[in-house]
Amino acid sequence: MFAVHARYRGRSTRRADHVRASAGALSRLEGVGEVAVAGIEELVATPRDAVSVTTLTLALLAAGDWAIGIGVSPDREEGAATAAASGALGKGGRAGRVRARVRTDDPRGAVLADDIGSAFTLLHHVISRRSPEGREATNLVRAGWTQVEAAEELGVSKQAVNQRLRAAGLHAEEAGWRLAVHLLERAAEN
């Protein structure tokens, strides 16, 4: 069982409205399920699988204003996963920071939790350095568009899209994505 607990760390003067709007938008991501508002500036979700956790976490990281805790409970207890996510987040949290906690008796659980956090740190590094053009190109390609279709949509050549994708670190993101998913799956098996 997985859970994600996120705390808004942005500068919006209408925090509660922003958090509610974010919960609604994030709830529409495939496999994430309901993203509930907890308090004024926090979100809690129990995504169905490692892919959904990674999808949700990357969406929060891309927004740039969220501190994130991920909880994993191999015994399939939702309450345990939610408590682990809250514990990983702690009382503070810095925007763009992901911490994980794995509820297990296995002493390697803490190392695995650190590895999950590290994978998301690397992913955040890649996506936070993208230009607006790089974000446009990667969003289209991630949505299933070919480079030719993306080029037509953006009004540029296929070569320009290819250059934008390389500069945006799309291959590094894809590798980091697979790593994060595999680490989360391994944590759920412990």
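Residues numbered from 1 in each chain as written. Predicted model: local features only at pLDDT ≥ 70, side-chain atom pairs only at ≥ 80, totals over all residues. Heavy atoms only, no water.

Tallied over the full model, the rule gives ten salt bridges. Measuring nitrogen to oxygen at the nearest pair gives 2.9 Å for the salt bridge that ties Glu 41 to Arg 15. Taken together, the residues Glu 41 in the loop between β2 (35–38) and β3 (42–45) and Arg 15 in helix α1 (residues 15–27) connect sequence positions 26 residues apart. A relative accessible area of 25% places Arg 15 in the partly exposed class. A salt bridge links Asp 106 to Arg 108; the shortest N-O distance between them is 2.8 Å. Taken together, the shared-partner salt bridges in this structure form one network comprising Arg 9, Arg 15 and Glu 41. (Salt bridge = Lys/Arg side-chain N within 4 Å of Asp/Glu carboxyl O. Helix = DSSP H or I, 4+ residues; strand = E, 2+ residues; numbered from the N terminus. Buried < 20%, exposed > 50% of the residue type's maximum accessible area, 1.4 Å probe, protein only.)

This brings us to the nonpolar core. Counting 37 residues, the largest nonpolar core has Leu 60, Ile 68, Ile 70, Phe 120 and Leu 184 as its most contacted members. For this core, the elements supplying multiple residues, two or more each, are β1 (2–8), α1, β3, α2 (50–63), β4 (66–72), β5 (98–102), α4 (109–128) and α8 (170–189). Element by element, the count of residues in this core is highest for α4, at seven residues. Sequence-distant contacts of Leu 60, defined by excluding residues within four places in its chain, comprise Val 4, Ala 6, Leu 26, Leu 43, Asp 65, Trp 66 and Ile 68. Ala 137, Leu 140, Ala 150 and Val 161 belong to the second-largest nonpolar core, a separate cluster that totals seven residues. (Core = buried A, V, L, I, M, F, W, Y, C linked by side-chain atoms within 4.5 Å. Contact = heavy atoms within 4.5 Å.)

Let us look at the confidence of the model for the chain. On average, residues of the chain carry a pLDDT of 93, and 100% of them reach 70 or more. Within the chain, the lowest mean pLDDT, 92, falls on helix α3 (residues 78–89), and the highest, 97, falls on β4. (pLDDT = per-residue confidence, 0-100.)

Here we take up the environment of Val 72. In this structure, Val 72 sits in strand β4. Sequence spacing of Val 72 and Arg 164 is 92 residues, and the spatial spacing of their C-alpha atoms is 35 Å. Here Val 72 is in contact with Met 1, Phe 2, Ala 84, Arg 101, Val 102, Arg 103, Leu 184, Ala 187 and Ala 188, once residues within four sequence places are set aside.

Under the definition given, this model contains one aromatic pair. Taken together, a centroid distance of 5.4 Å and an interplanar angle of 65° make the contact between Tyr 8 and Trp 66 edge-to-face. Linking Tyr 8 in strand β1 with Trp 66 in strand β4, this pair joins segments that are 58 residues apart in sequence. Here Tyr 8 matches Trp 66 in class, with each residue buried. (Phe/Tyr/Trp six-rings, centres within 6.5 Å; stacked < 30°, edge-to-face > 60°.)

Bringing the sheet that holds β1 into the picture now. Judged by pairing direction, the sheet is mixed, and its five strands sit side by side in the order β2-β3-β1-β4-β5 without closing on themselves. Strand pairing shows two members of the sheet lacking a second neighbour, β2 and β5, which therefore form its edges. If you compare each strand with its neighbour and ignore which way they point, the axes differ by 20° on average. One ladder, built from four bridges, connects β2 with β3; its direction is antiparallel. In the strand pairing of β3, Ala 36 is matched with Val 44. Seen against the sheet, α3 touches β1, β3, β4 and β5 and runs at an angle of roughly 140° to β4. Running at roughly 40° to β4, α8 makes contact with β1, β4 and β5 of the sheet. (Pairing = 2+ DSSP bridges. Axes fitted to C-alpha atoms, helices over the stretch in contact; angles between N-to-C directions.)

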